[in-house]
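# Fold and contact review
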Amino acid sequence: MSAPALHPERTDDPRLLRWLTDTRQLAGCPTQLTALIDEGVLERAEVHAGEVRTWLGADRSWAQDGPRVRSALSAALSGPPPGADLAGDELLRRVAEIVEREVAPTAASHGGDVSVESLRDGVLTVEFGGACKGCTARGHTLTELVTTTVQGHFPQIREVRAAPTRRTWLAMPFRREDN
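Residues numbered from 1 in each chain as written. Predicted model: local features only at pLDDT ≥ 70, side-chain atom pairs only at ≥ 80, totals over all residues. Heavy atoms only, no water.

## Some points on helix α3 (residues 88-108)
Helix length check: α3 (21 residues) gives 28 Å between terminal C-alpha atoms against 30 Å at 1.5 Å per residue, within 8%. Along its length, α3 reaches its greatest deviation from straightness, about 40 degrees, at Glu100. For α3, the complete set of buried residues consists of Leu91, Val95, Ile98, Val99, Val103, Ala104 and Ala107. The inward-facing, buried residues of α3 abut β5 (112-120), β6 (123-130) and α4 (138-153). (Helix = DSSP H or I, 4+ residues; strand = E, 2+ residues; numbered from the N terminus. Expected span 1.5 Å × (residues − 1). Bend = angle between axes of the 7 residues up to and from the residue. Buried < 20%, exposed > 50% of the residue type's maximum accessible area, 1.4 Å probe, protein only. Contact = heavy atoms within 4.5 Å.)

Listed below in structure tokens is the structure:
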């Protein structure tokens, strides 16, 4: 696995530094950062999608402690993601949680829905509903949002597919005219 991309970004608070990450995600505060918090190098750390926010401890400087924070983050992002060893029903459950938490809200903001249909032999099948069902951007959503998100958490998912669109027949009321 290649070295993770980390880009530090300043904020208005001189003690806070945002570390922008590539597609790799952390499930929570990694042990490497927790050790720096316990040591007093960092006051706290927050993990968000695409970034990690770190606050320096009292009487610390980024010039002195920044390289240690970068090394800790790099080590945490370089290891296998949490859940890389999952399989079966537990993997399916965790993938469905990620899709519901990180993908479905984006689809819902456009009147659509994305849900997990099945997971077999490393192939995840998702179903698009609502406005996503016939949307021309569905392929982009599948590759750029669903696949990137799921494989960032679970590298054992080797392929993500969309379920075939099912036609829905509407019952039309038949009205007979009496003579």
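## Re unusual backbone geometry
Residues other than glycine seldom take positive phi values, yet Asp59 does so here, at roughly 60 degrees. Positionally, Asp59 belongs in the loop between β4 (51-56) and α2 (62-78). Residue Asp59 is classed as exposed on the basis of its relative accessible area, which comes to 84%. Positive phi, normally seen in glycine, also occurs at Asp121, with a value near 50 degrees. Turning to its location among the elements, Asp121 is positioned in the loop between β5 and β6. By relative accessible area, which is 69% here, Asp121 ends up exposed.

## What to know about the pattern of salt bridges
Following the criterion strictly, the structure yields 11 salt bridges and no others. With its nearest N and O atoms 2.2 Å apart, the salt bridge here joins Arg18 to Glu9. Here Arg15 ties to Glu43 by a salt bridge, and the two come within 2.1 Å at their closest N and O atoms. Note that Arg15 is positioned in the loop between β1 (6-10) and β2 (16-21) and Glu43 in strand β3 (residues 42-48), a separation of 28 residues in sequence. Here Glu43 falls in the partly exposed class, since its relative accessible area comes to 43%. (Salt bridge = Lys/Arg side-chain N within 4 Å of Asp/Glu carboxyl O.)

## A closer look at the packing of α3 against α4
Axis separation between α3 and α4 bottoms out at 10 Å; the angle between their running directions is 145 degrees. As α3 packs across α4, the resulting crossing turns out to be right-handed. Of the residues in α4, those in contact with Val95, Ile98, Val99, Glu102, Val103 and Thr106 of α3 are Leu145, Val146, Thr149, Val150 and His153. (Axes fitted to C-alpha atoms, helices over the stretch in contact; angles between N-to-C directions. Left-handed = near helix turned anticlockwise from the far one by under 90°.)

## Concerning the confidence of the model for the protein
Summing up the model confidence of the protein, the mean pLDDT is 84 and the portion of residues at 70 or higher is 87%. Mean pLDDT across the elements of the protein bottoms out in α4 (84) and peaks in β4 (93). (pLDDT = per-residue confidence, 0-100.)

## Some points on the pairing of β2
By the bridge criterion, 5 bridges tie β1 to β2 in an arrangement that is antiparallel. Each bridged residue has a counterpart across the sheet, and for Leu6 the counterpart in β2 is Thr21. Two successive antiparallel strands, β1 and β2, enclose a turn made up of 5 residues. Sheet analysis places β2 next to β4, joined by 5 bridges and oriented antiparallel. Looking across to β4, one finds that Arg18 is bridged to Arg53. (Pairing = 2+ DSSP bridges.)

## Considering the pairing of β5
Here β5 runs beside β6; their pairing, made up of 8 bridges, is antiparallel. Within β6, the residue paired with Ser115 across the bridge is Glu127. Counting the residues in the hairpin turn of β5 and β6 gives 2 residues, including Asp121, whose phi is positive at 50 degrees.

## Looking at the sheet that holds strand β7 (residues 159-162)
Across the sheet, which stays open at both edges, the 3 strands sit in the order β5-β6-β7 with mixed pairing between neighbours. A single partner strand is all that each edge strand has here, and the edge strands are β5 and β7. Here the strands of the sheet are splayed against their neighbours by 30 degrees on average, with no regard to which way each runs. Against the sheet, α3 engages β5 and β6, with an angle of about 160 degrees to β5. Packed onto the sheet, α4 meets β5, β6 and β7 and runs at close to 145 degrees relative to β7.

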